Amino acid sequence: MDGKVLAYEYLRAMAAATAAKRRLDFSDEEEEDRKEDNETKDKMLMIGMGSGALPFFMETHFSDEFEMETVEHDPVVIEAIERTWVFLWGGDRIGGGGG
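Calculation rules
- Residues numbered from 1 in each chain as written.
- Predicted model: local features only at pLDDT ≥ 70, side-chain atom pairs only at ≥ 80, totals over all residues.
- Heavy atoms only, no water.
- Helix = DSSP H or I, 4+ residues; strand = E, 2+ residues; numbered from the N terminus.
- Buried < 20%, exposed > 50% of the residue type's maximum accessible area, 1.4 Å probe, protein only.
- Contact = heavy atoms within 4.5 Å.
- Pairing = 2+ DSSP bridges.
- Right-handed = clockwise from strand over helix to strand, strands pointing away.
- Phe/Tyr/Trp six-rings, centres within 6.5 Å; stacked < 30°, edge-to-face > 60°.

**Q** Is there a simple way to think about the environment of Leu6 in this case?
**A** Position of Leu6 among the secondary structure elements: in the segment before helix H1 (9-25). For Leu6, a relative accessible area of 6% corresponds to the buried category. For the pair formed by Leu6 and Ala53, sequence separation is 47 residues and the distance between their alpha carbons is 6.9 Å. Residues within four places of Leu6 in sequence aside, it is in contact with Leu11, Arg12, Ala15, Ala53, Leu54 and Phe57.

This is how it looks when you write it as C-alpha cells:
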C-alpha cells in the first residue's frame, strides 16, 4: 500500500466518484474564488477503515481539497492498521480518541 494506486475496482470507483462530484460541484472560476477567499475545505467522513487503502489514497491525492476523517469501531481493524503504519512507514499515522 503506497497511496498511489488502488488495487480493487470498487475502491477506484469510490475514489473516482468522489473526485467527479467535487469537480461537478464547482466551476473553475468558483474553485479559484474559493481558494482566493481561503474558504475551508470540503469535509469527508469515511465510515469503516477496511484495509486503510482508500483513506490513505484519498489523503495522498485529495488532502488539499478535503478535510478527511475515518471512523472505525472494530479494535482488531484499528490494531492491524496501526501495525501496518509502523511496519511500513516507521511511525504512527493513526490519531484519535479510542475507547
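**Q** Got a minute to help me understand the pairing of strand E2 (residues 66-71) in this structure?
**A** Taken residue by residue, a regular strand's side chains alternate between the two faces of the sheet. Where strand E1 (residues 42-47) meets E2, 6 bridges bridge the pair, whose relative direction is parallel. Paired with Lys43 across the strands is Glu67, a residue of E2. As a crossover connection, the stretch from E1 through helix H3 (residues 53-62) into E2 is right-handed.

**Q** How do you make sense of the packing of aromatic side chains when you look at a structure like this?
**A** The geometry of an aromatic ring pair is captured by the separation of the ring centres together with the interplanar angle, meaning the angle of the planes. Applying the stated rule across the entire model yields 2 aromatic pairs. Geometrically, the ring pair formed by Tyr8 and Tyr10 is tilted, given 6.1 Å between the ring centres and 35° between the ring planes. Overall, the relative accessible area of 53% leaves Tyr8 in the exposed class. Residue Tyr10 is classed as exposed on the basis of its relative accessible area, which comes to 54%. Aromatic side chains Phe62 and Phe66 sit 6.3 Å apart centroid to centroid with 70° between the ring planes, which places their arrangement in the edge-to-face category. Assessed through its relative accessible area of 13%, Phe62 is described here as buried.

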